[in-house]
Amino acid sequence: MSITCLTYGTNVTRQAVTKHLEVMGKVGLVRNVRRGRERIWQLEQRRLKEARHCLELISKQWDEALERLKKFVEE
């Protein structure tokens, strides 16, 4: 999608969306191609799945650590 499409109907500025997409692009979560004066952005599904998997692992580790802390505090 173009920045125009991504920001349509929101209160988010085009500059803010562009800044976020550029950061996501640096880590490979999105990519873009030029079409005339616009850049069309696309999600990198494989990389997004990898990121989600990593976040799920981190979440599981935090859940386990908090459970250990809870047991320690309650004893």
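Rules behind the numbers
- Residues numbered from 1 in each chain as written.
- Predicted model: local features only at pLDDT ≥ 70, side-chain atom pairs only at ≥ 80, totals over all residues.
- Heavy atoms only, no water.
- Helix = DSSP H or I, 4+ residues; strand = E, 2+ residues; numbered from the N terminus.
- Expected span 1.5 Å × (residues − 1).
- Buried < 20%, exposed > 50% of the residue type's maximum accessible area, 1.4 Å probe, protein only.
- Arc of directions from axis to C-beta.
- Salt bridge = Lys/Arg side-chain N within 4 Å of Asp/Glu carboxyl O.
- Patch = residues over 30% accessible without salt bridge, like charges linked within 9 Å, V, L, I, M, F, W, Y side chains within 5 Å.
- Areas by Shrake-Rupley, 256 points an atom, 1.4 Å probe, with all protein chains shown as cover.
- Pairing = 2+ DSSP bridges.

**Q** Would you explain helix H2 (residues 14–26) in this entry?
**A** Given 3.6 residues per turn, any residue in an α-helix points the same way as the ones three and four places further on. Look at H2: 18 Å from first C-alpha to last across 13 residues, which is about the 18 Å you get at 1.5 Å a residue. Every buried residue of H2 is accounted for by Val17, Thr18 and Leu21. The arc that holds every buried residue of H2, seen down its axis, measures 100 degrees, which confines them to one face. Of the exposed residues in H2, the ones pointing more than 90 degrees away from its buried face are Gln15, Lys19, His20, Val23 and Lys26.

**Q** Looking at this structure, how should I read the pattern of salt bridges?
**A** Using the criterion set out here, one finds 6 salt bridges in the structure. With a closest N to O distance of 3.2 Å, arginine 47 and glutamate 50 form a salt bridge. Remark: glutamate 50 and arginine 47 occur in helix H3 (residues 45–74); sequence separation between them is 3 residues, near one turn of the helix. Looking at arginine 47, the relative accessible area reads 34%, which means it is partly exposed. With relative accessibility at 33%, the residue glutamate 50 sits in the partly exposed group.

**Q** Would you mind showing me how to read a nonpolar patch on the surface here?
**A** A contiguous nonpolar patch, built from Leu55, Ile58, Trp62, Leu66, Leu69, Phe72 and Val73 and spanning about 810 Å² of accessible area, is present on the exposed surface. Relative to the assigned elements, phenylalanine 72 resides in helix H3.

**Q** Is there a simple way to think about the pairing of strand S2 (residues 38–43) in this case?
**A** A regular strand places its side chains on the two faces of the sheet in alternate fashion. Examined bridge by bridge, strand S1 (residues 30–35) and S2 share 6 bridges and lie antiparallel to one another. Considered in S2, the bridge of asparagine 32 is made with tryptophan 41. Linking two consecutive strands that pair antiparallel, namely S1 and S2, is a turn of 2 residues; a positive phi of about 65 degrees is found at glycine 36 within it.

Any functional reading would require information beyond the geometric quantities listed.
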